[in-house]
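# Structure at a glance
Okay, here's what each chain looks like letter by letter:
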Amino acid sequence: MIIVLKPGVTEDQIAHVIDRVESLGLRAHLSRGTYRTIVGVIGDESQLQSAPLEAIPGVAQVVPILPPYKLASSEAHPEPSVVEVAGVKIGGGYLAMIAGPCAVESAERMDAIAGAVKAAGANLLRGGAFKPRTSPYAYQGMGEDGLKILRETGDQHGLPIVTEVMDPRRVELVYRYTDMFQIGARNMQNFNLLTEVGQTRKPVLLKRGMSATIKDLLMSAEYILSEGNSNVVLCERGIKSFDNSARNLFDVAAVPACKVLSHLPIIVDPSHATGRPDLIPACALAGVAAGADGVHIEVHNCPEEALSDGPQALLPHQYAALAAQIRALAALLGKAISVPADSKHNAGQTGG
Ligand code: PEP
Ligand code: MN
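## Brief notes about the site of ligand 1
Close to ligand 1 lie 14 residues; Arg126, Lys131, Ala185, Lys207 and Arg237 are nearest. Interatomic distance of 2.9 Å between a side-chain N/O atom of Gln182 and an oxygen atom of ligand 1. Arg186 places a polar side-chain atom, nitrogen or oxygen, 2.9 Å from an oxygen atom of ligand 1. Among the residues forming the shell around ligand 1, the class breakdown is three nonpolar, four polar and seven charged.

Written out as structure tokens, the structure is:
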């Protein structure tokens with residue numbers, strides 16, 4: 001960390017800054033330039049993270065050298081992490097193919113969609129049992145009955161499952177059913193929820209908040225990692241913008257940007273990022289081309305009857321066409337699509 005002092009700082013103020021740094025158990029190295037004096041701090045920078053050094057008289061700016069997301073940073077862990085969800089690998093050359101309806105609606109519907117996405121090459125099944133809806137009058141999900149249906153369907157089709165948990169009080173319940181927690185965009189900074197899933201060892205799909213910076217996203221990942229759960233997968237799902245031509249603004253640059261800063265896998269969700277089936281295939285491919293470790297896509301066999309997010313759902317045959325293109329791109333990039341451990345039929349998938 002570097003402490004930049006104000007022009008005209010007094011000798012007493014400089015001595016006080018040095019005293020303060022040393023009282024925190026660190027060493028200070030004073031450097032007097034023609035226009036500015038700076039104090040280099042030597043030692044464990046994390047000791048200073050919560051010290052309000054900018055409040056000391058004579059201090060102009062405090063410049064950290066290390067990122068505040070210590071565990072999520074690529075400095076802490078130069079190799080890309082591989083997160084395993086019930087045998088399906090994500091990251092380090094393995095792509096997640098997460099597909100399914102926005103919400104679990106019924107056992108029959110779930111079975112039909114799971115069969116279709118599995119045949120198309122999906123390796124993880126999604127479906128929300130607890131839905132975060134803008135309106136309290138909109139469909140809120142089936143709750144535990146939905147979790148049961150998702151679990152049974154996943155087991156029948158040999159697909160591990162991912163489902164959203166919205167409330168720290170429900171972590172225990174969702175834990176019993178799911179293979180991977182999803183933390184939705186609206187809850188990316190629900191710190192109690194992050195801490196709670198961090199105390200488990202189950203993989204977490206952490207979606208970027210719609211107004212969150214990349215640093216905010218990595219700080220939220222840090223909450224989970226700092227509790228001891230290292231199985232975190234990031235997800236770019238679009239951010240708010242002034243343009244209403246799509247549901248959100250798909251920030252494809254977030255993928256390589258996260259890869260520079262962090263070892264954590266990152267996938268893309270072009271369904272929520274665009275809200276438009278006509279844009280989803282191009283954005284999914286762009287995400288994979290940009291280095292994403294997977295794609296998360298909503299698929300429904302009758303979008304006009306869907307209880308949530310129907311207008312953005314791909315039909316099974318559209319998903320199958322896209323999945324074939326993703327496989328071709330993956331092969332070009334030397335990546336594989338990991339097959340679920342107990343998969344019965346792996347047509348069209350690359351082993352891994
Ligand atoms: C979802 O996956 O259905 C969902 C609500 O996603 P997000 O949190 O990205 O809006
Ligand atoms: Mn949805």
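## A closer look at the coordination of the manganese ion (ligand 2)
Here the manganese ion (ligand 2) is held by the protein donor atoms Cys102 (SG), His272 (NE2), Glu298 (OE) and Asp309 (OD), which lie 2.0 to 2.4 Å from it. Read in sequence order, the donor residues coordinating the manganese ion (ligand 2) give the pattern C-x169-H-x25-E-x10-D. Of the two residues, His272 sits in helix 8 (residues 270–274) while Asp309 sits in the loop between strand 14 (294–298) and helix 10 (316–332), which places them 37 residues apart along the sequence.

## Regarding helix 5 (residues 191–198)
Since the α-helix turns once every 3.6 residues, residues separated by three or four places project in the same direction. For helix 5, every residue scored as buried is listed here: Leu193, Leu194, Val197 and Gly198. For helix 5, the angular spread of buried residues about the axis comes to 135 degrees, placing them on one side. If you follow the buried residues of helix 5, they end up packed against helix 4 (171–177), strand 10 (180–183), strand 11 (204–207) and helix 6 (214–226).

## Quick look at the nonpolar core
Val117, Leu206, Leu234, Ile297 and Tyr319 are the most contacted members of the largest nonpolar core, which totals 66 residues. Discounting residues that sit within four places of it in the chain, Leu234 has contacts with Leu205, Leu206, Leu217, Leu218, Ala221, Cys258, Leu264, Pro265, Ile266 and Ile267. Ile14, Ile18, Leu26 and Leu48 belong to the second largest nonpolar core, which has 17 residues in total.

## Observations concerning the pairing of strand 7 (residues 94–100)
Counted residue by residue, strand 7 has six buried out of seven residues, so it is predominantly covered. Taken together, the two bridges between strand 7 and strand 15 (residues 336–337) define a ladder with parallel strand orientation. Note that in strand 15 the partner of Leu95 across the bridge is Ile337. Pairing of strand 7 with strand 14 involves five bridges; the strand directions are parallel. Within the sheet, the bridge partner assigned to Ala99 lies in strand 14 and is Ile297. The β-α-β motif built from strand 7, the intervening helix 2 (residues 107–120) and the parallel element strand 8 (residues 124–126) has right-handed crossover chirality.

## So, the pattern of salt bridges
According to the stated counting rule, one finds 13 salt bridges in the structure shown. The salt bridge partner of Arg32 is Glu11, with a shortest N-O separation of 3.1 Å. Taken together, the residues Arg32 in strand 2 (residues 27–32) and Glu11 in helix 1 (residues 11–23) connect sequence positions 21 residues apart. Owing to a relative accessible area of 51%, Arg32 belongs among the exposed residues under this scheme.

## So, the sheet that holds strand 4 (residues 59–63)
One open sheet holds the four strands; their spatial order is 2-3-1-4, and the pairing between them is antiparallel. If you trace the sheet from one side to the other, it starts and ends with strand 2 and strand 4, each paired once. In this sheet, adjacent strand axes meet at a mean angle of 20 degrees when their direction is disregarded. For strand 2 and strand 3 (residues 37–42), the ladder comprises six bridges, and the chain directions are antiparallel. Bridge assignment links Arg32 to a residue of strand 3, and that residue is Thr37.

## Looking at the confidence of the model for the protein chain
Averaged over all residues, the pLDDT of the protein chain equals 95, while 97% of them reach at least 70. In this model residues 344–352 is a low-confidence stretch, pLDDT under 50, and it forms 25 contacts with partners more than four residues away in sequence or in other chains.

## Some details on the environment of Phe191
Mapped onto the elements, Phe191 comes out in helix 5. For the pair formed by Phe191 and Leu264, sequence separation is 73 residues and the distance between their alpha carbons is 19 Å. Once residues within four sequence positions are removed from consideration, Phe191 is found in contact with Ser220 and Tyr223.

## Here's the deal with the packing of aromatic side chains
Each aromatic ring pair is described using two quantities: the centre-to-centre distance and the angle formed by the ring planes. Scanning all chains against the criterion turns up two aromatic pairs. On the basis of an interplanar angle of 40 degrees and a centroid distance of 6.4 Å, the ring pair of Tyr175 and Phe181 is categorised as tilted. Geometrically, the ring pair formed by Phe191 and Tyr223 is stacked, given 4.6 Å between the ring centres and 25 degrees between the ring planes. Highlighted residues: Phe191 in helix 5 and Tyr223 in helix 6, separated in sequence by 32 residues. On the basis of relative accessibility, which here comes to 35%, the residue Tyr223 falls in the partly exposed class. Lying over the aromatic face of Tyr175, Lys202 brings its terminal NZ or CZ to 4.4 Å of the ring centre.

## So, the packing of helix 2 against helix 10
At a minimum axis separation of 9 Å, helix 2 and helix 10 run at an interaxial angle of 25 degrees. When the axis of helix 2 is compared with that of helix 10, the two are roughly parallel. Pair helix 2 / helix 10 crosses with right-handed handedness. Residues Ala116, Val117 and Ala120 of helix 2 form the contact with helix 10, whose participating residues are Pro316, Tyr319, Ala320, Ala323 and Arg327. Tallied by class, residues from the contact of helix 2 with helix 10 come to seven nonpolar, no polar and one charged.

Calculation criteria
Residues numbered from 1 in each chain as written. Chains lettered and ligands numbered in written order. Predicted model: local features only at pLDDT ≥ 70, side-chain atom pairs only at ≥ 80, totals over all residues. Heavy atoms only, no water. Near = heavy atom within 4 Å. Polar contact = N/O pair within 3.5 Å; in protein donor to acceptor, adjacent residues only side chain to side chain. Nonpolar A, V, L, I, M, F, W, Y, C, P; charged D, E, K, R; others polar. Donors = N, O, S within 2.8 Å, 3.2 Å for Na, K, Ca; no water. Helix = DSSP H or I, 4+ residues; strand = E, 2+ residues; numbered from the N terminus. Buried < 20%, exposed > 50% of the residue type's maximum accessible area, 1.4 Å probe, protein only. Arc of directions from axis to C-beta. Contact = heavy atoms within 4.5 Å. Core = buried A, V, L, I, M, F, W, Y, C linked by side-chain atoms within 4.5 Å. Pairing = 2+ DSSP bridges. Right-handed = clockwise from strand over helix to strand, strands pointing away. Salt bridge = Lys/Arg side-chain N within 4 Å of Asp/Glu carboxyl O. Axes fitted to C-alpha atoms, helices over the stretch in contact; angles between N-to-C directions. pLDDT = per-residue confidence, 0-100. Phe/Tyr/Trp six-rings, centres within 6.5 Å; stacked < 30°, edge-to-face > 60°. Lys NZ or Arg CZ within 6 Å of the ring centre and 35° of its normal. Parallel < 35°, antiparallel > 145°, perpendicular 65-115°, else oblique. Left-handed = near helix turned anticlockwise from the far one by under 90°.

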